[in-house]
Amino acid sequence: MANKTLKMEQIRNLLQQKLNGQSIRTISTQSGLSRNTVRTYLRRIEQSNQTLDQVLKLDDEALGVLIFESEAPSPTKDPRYSDLQKKLAAYSNELQRRHMTRQLLWEEYLEEFPSGYKFTRFCHYLNEYIEQKGVTAIFDHNPGDRLMVDFAGDKLSYLDTSTGELIYCEVLVAVLPYSSYIYAEALPDQSQQCFTKAIANAFRYLGGVPKSVLCDNLKSAVKRASRYEPTFTELIDQLNTHYQTSFMATRVRKPRDKATVETSVNISYNRIYAKLRDVRARDLKELNIYIKDALKALNKRNFKGRDYCREDLFTQHEKPCLNPLPTTGFEVKKVIFAKVARNYHIMVGEDWHLYSVPFRLVGKKVKVVYTSDWVEVYCDHKRVAIHRRNYRKYDHTTLPEHMPSNHQAIHEQKGYTPDYFLKQAAAIGPCTHQAVSQILNAKMFVEQTYRSCLGVIRLGNTYGKDRLEKACQLMLNGPRVNYGILSNILRNNMDKLPPKSNLDFKTPPHDNIRGPENYNDKLNK
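Residues numbered from 1 in each chain as written. Predicted model: local features only at pLDDT ≥ 70, side-chain atom pairs only at ≥ 80, totals over all residues. Heavy atoms only, no water.

Caption draft 1: Region of the structure containing the sheet that holds strand E15 (residues 396–397). An order of E10-E11-E15 is seen for the three strands of this open sheet, with the pairing classed as mixed. Two strands bound the open sheet, and with one partner strand each, they are strand E10 (345–348) and E15. As paired strands, E10 and strand E11 (residues 353–356) are joined by four bridges and run antiparallel to one another. Looking at E11, one finds that isoleucine 346 is bridged to tyrosine 355. (Pairing = 2+ DSSP bridges. Helix = DSSP H or I, 4+ residues; strand = E, 2+ residues; numbered from the N terminus.)

Caption draft 2: How the structure looks around the pairing of strand E8 (residues 246–249). Judged by which residues are buried, E8 turns out to be one-sided: Phe247 and Ala249 face inward and are buried, whereas Ser246 and Met248, on the alternate face, are not. Relative to E8, strand E5 (residues 212–215) runs parallel, the two sharing four bridges. Looking at the pairing, serine 212 lines up with serine 246 of E8. (Buried < 20%, exposed > 50% of the residue type's maximum accessible area, 1.4 Å probe, protein only.)

Caption draft 3: A look at the nonpolar core. One finds Val149, Phe195, Phe247, Ile272 and Leu287 to be the most contacted residues of the largest nonpolar core, which totals 57 residues. For this core, the element with the most residues is helix H9 (residues 192–206), which contributes eight residues. In contact with isoleucine 272, not counting residues within four places along its chain, are Ala184, Ile267, Ile291, Ala294, Leu295 and Leu298. With 23 residues, the next largest nonpolar core counts Ile428, Cys431, Leu468 and Ala471 among its residues. (Core = buried A, V, L, I, M, F, W, Y, C linked by side-chain atoms within 4.5 Å. Contact = heavy atoms within 4.5 Å.)

Caption draft 4: A look at the sheet that holds strand E12 (residues 365–370). Judged by pairing direction, the sheet is antiparallel, and its four strands sit side by side in the order E9-E12-E13-E14 without closing on themselves. Strands at the two margins of the open sheet, each flanked by one partner only, are strand E9 (334–339) and strand E14 (382–388). When the angles between neighbouring strand axes are averaged without regard to direction, this sheet yields 25°. Bridge count for strand E13 (residues 374–379) against E14 is six bridges, and the pairing is antiparallel. Residue pairing across strands places cysteine 379 opposite lysine 382, the latter belonging to E14. (Axes fitted to C-alpha atoms, helices over the stretch in contact; angles between N-to-C directions.)

Structure below.
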């Protein structure tokens, strides 16, 4: 038989000529086929026990079965075929291993089946199995339905001008499969913070939020891989809540579940990496500027053989289907758990900074949620403290209301100033204000007078403000002003004594006392 299978039109023409009474030689001359080929096809018709007229009335499918069903014996009837079929799956997996070749597999096959197929037929059936196993499906994607993301295998780099070191960066590629609209960004690493920030940047670049985000089982996003219920990190849950979207993970080791982004990564190699091959950015920010320029040109480039580009499809059909962006930007929230120390503080280890909580929580385990600006502390699902984030290492932030009463007193004492005491004294009365003012000025270092001033103010709590004001008035008439004198006046109730007469005191006459007349003669001399 001829090496090349004839088309159905050629076979029908051959049969029609034979039905018209043409000889095999004539048919061969007119059709350009060899006489043996003509005889072979006619012999098959004869073996079918049907006339040429009946055969010509058959449709192409039935005619093909009639002619070709006996073209070659079925391999399933060969015992070697059934033996090889049992091993094809294992051979296919072995071929994926490094350094393994078909030649070596065939030699091992012959050791097990000495009368097996030769090398060519062995490779034919093995390749046939691999091709059947690797068939792909065509998926229809709805506009704005899904964003596929993945990290590129190759890295980009920038030159650190301060050290001369070449810094390599991870590159995240995201694509909307309906329009093939691509976003790419260089990142310092694949950490959770960098990944979530890049996703937020991708949403901002698209100007909207897709209904879902599909990624593979990255450690940046997936805490526990599962075919049915993967567990995502807490940052991804925050991202889902903020943007009202949902993250999805592919099956483990199934890159074809996100085939569009796999293709987009290869496109990025050709259209972004290649353009930046001679570019030396000075930092990560400058590198991303170069990437966005190349990305803009890529999305505006027409598809091969078409008069529209990715940006056209995205703008016209996909962007209107995206959900709107939230009014506020996404801020990464970190969560840690800490035990409250005896000094009623917890530590944010990233900054090595201490933050206070109510002293009653000493020894309890609390949840700490912090952003770039705020630190919140929760206990039993209730917020018990909130602080402005402080990045000073080995320092502490303490709120007075978190302290026990004795610590508050110490803290208040450390915060005393002259203005504070003068203000407290003025609220009692002018004499108290004047007395406190003289006490503050009594020593070279004003801090040494704070305890005396504090004692004076607290006498008002013990004896009342009115008595303190009268006592200060009495004390100001004397030569000295201090806390001890004032305390004695109040303790001895001297402020309650009636006021003394205003008459001048006269010394009673006495022989031993001289008067001014005794000195007049001496002055005249």
